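As a plain string of letters, each chain reads:
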Amino acid sequence: MKIIFGGFSEIAGIQGGQVFRTYLILSILVVSACSSHSALNKADIAFGKPRIHLFLYGENKENSEKIIEAFNDAGFEVVLRSGALPVGDNKSFIIHSPNINPNHFVEIENILQVLKSVGVENLILYQYQRGKHYYTAKNVGVYLL
């Protein structure tokens, strides 16, 4: 018995069973290749600690060395920044963007603990952006007023 798939097998002289086996083998190869290495396999991604973009205003400018040292001691890289605050802010805050890092919120808590150790408490947490200020994954904005 000859099985014909869309007429192609007749033209190419391929038996229906051969076409079926070819499709089956190709399907198995594709499925096994896709499942063996996923780009989103979290074990393959090195997350590390987020980079701190630190903005200091008022009295906190005087304590910059102490604050930076506390972050460095906790394993964070700090980039000291300057610039205008988003309009209407009168309390220290953090801007962060949750991402696929399973430790993201643990790191945010670690940042809060570092700040608490240098006497900064009661911060506001903003996710994604505040005004025109925003940070991508692995970056956190810390604004100390």
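Predicted, not measured: the structure shown is a model, and the values here were computed from it.

**Q** Help me understand the nonpolar core, please; the structure alone is not making it clear to me.
**A** General note: in soluble globular proteins, nonpolar side chains tend to be found buried as a group. In terms of nonpolar packing, the biggest core is built from 19 residues, with Ile52, Leu54, Phe71, Ile111, Leu115, Val142 and Leu144 touching the most fellow members. Listing elements by their share of this core, those giving two or more residues are strand 1 (51-56), helix 3 (64-73), helix 4 (104-117) and strand 7 (139-144). Ranked by residues supplied to this core, first place goes to helix 4 with 4 residues. Setting aside residues up to four positions removed in sequence, Leu115 forms contacts with Phe71, Ile94, Val120, Leu123, Val142 and Leu144. Of all hydrophobic cores here, the second largest spans 7 residues; its members include Phe55, Phe93, Ile95 and Tyr135.

**Q** Mind showing me how you'd approach the pairing of strand 2 (residues 78-81) here?
**A** Pairing between strand 1 and strand 2: 4 bridges, direction parallel. In the strand pairing of strand 2, Leu54 is matched with Leu80. The parallel pair strand 1 and strand 2, bridged by helix 3, forms a crossover whose chirality is right-handed.

**Q** Looking at this model, I keep getting lost on the packing of aromatic side chains. Mind explaining?
**A** Working definition: an aromatic ring pair is given by the centre-to-centre distance plus the angle between the planes. Scanning the entire structure with this criterion turns up 4 aromatic pairs. Here Phe71 and Phe76 contribute two aromatic rings whose centre-to-centre distance is 6.0 Å and whose plane-to-plane angle is 90 degrees, an arrangement assigned as edge-to-face. Summarising the burial analysis for this pair, Phe71 and Phe76 share the class buried. These aromatic residues form a ring-pair network of at least three members: Phe55, Phe93, Tyr126 and Tyr143.

**Q** Hey, could you run me through the sheet that holds strand 7 in this one?
**A** Across a sheet, paired strands are connected by hydrogen bonds in the backbone, their directions being either parallel or antiparallel. Read across the sheet, 5 strands follow the order 2-1-7-3-4 without closing on themselves; strand pairing throughout is mixed. Lying at the two open borders of the sheet, with one neighbouring strand each, are strand 2 and strand 4 (124-127). On average, adjacent strands in this sheet sit at an angle of 20 degrees to one another, irrespective of strand direction. Packing of helix 4 onto the sheet brings it into contact with strand 1, strand 3 (93-96), strand 4 and strand 7, and relative to strand 3 it is tilted by some 160 degrees.

**Q** Before we go on, may I ask you to explain the side chain of Ser97 in this structure?
**A** Positionally, Ser97 belongs in the loop between strand 3 and helix 4. With relative accessibility at 10%, the residue Ser97 sits in the buried group. Of note is the side chain of Ser97, whose polar atom sits 2.3 Å from the backbone oxygen of Tyr135. Apart from residues lying up to four places away in sequence, Ser97 is in contact with His104, Tyr128, Tyr135, Thr136 and Ala137.

The rules behind these values
- Residues numbered from 1 in each chain as written.
- Predicted model: local features only at pLDDT ≥ 70, side-chain atom pairs only at ≥ 80, totals over all residues.
- Heavy atoms only, no water.
- Core = buried A, V, L, I, M, F, W, Y, C linked by side-chain atoms within 4.5 Å.
- Buried < 20%, exposed > 50% of the residue type's maximum accessible area, 1.4 Å probe, protein only.
- Helix = DSSP H or I, 4+ residues; strand = E, 2+ residues; numbered from the N terminus.
- Contact = heavy atoms within 4.5 Å.
- Pairing = 2+ DSSP bridges.
- Right-handed = clockwise from strand over helix to strand, strands pointing away.
- Phe/Tyr/Trp six-rings, centres within 6.5 Å; stacked < 30°, edge-to-face > 60°.
- Axes fitted to C-alpha atoms, helices over the stretch in contact; angles between N-to-C directions.
- Polar contact = N/O pair within 3.5 Å; in protein donor to acceptor, adjacent residues only side chain to side chain.

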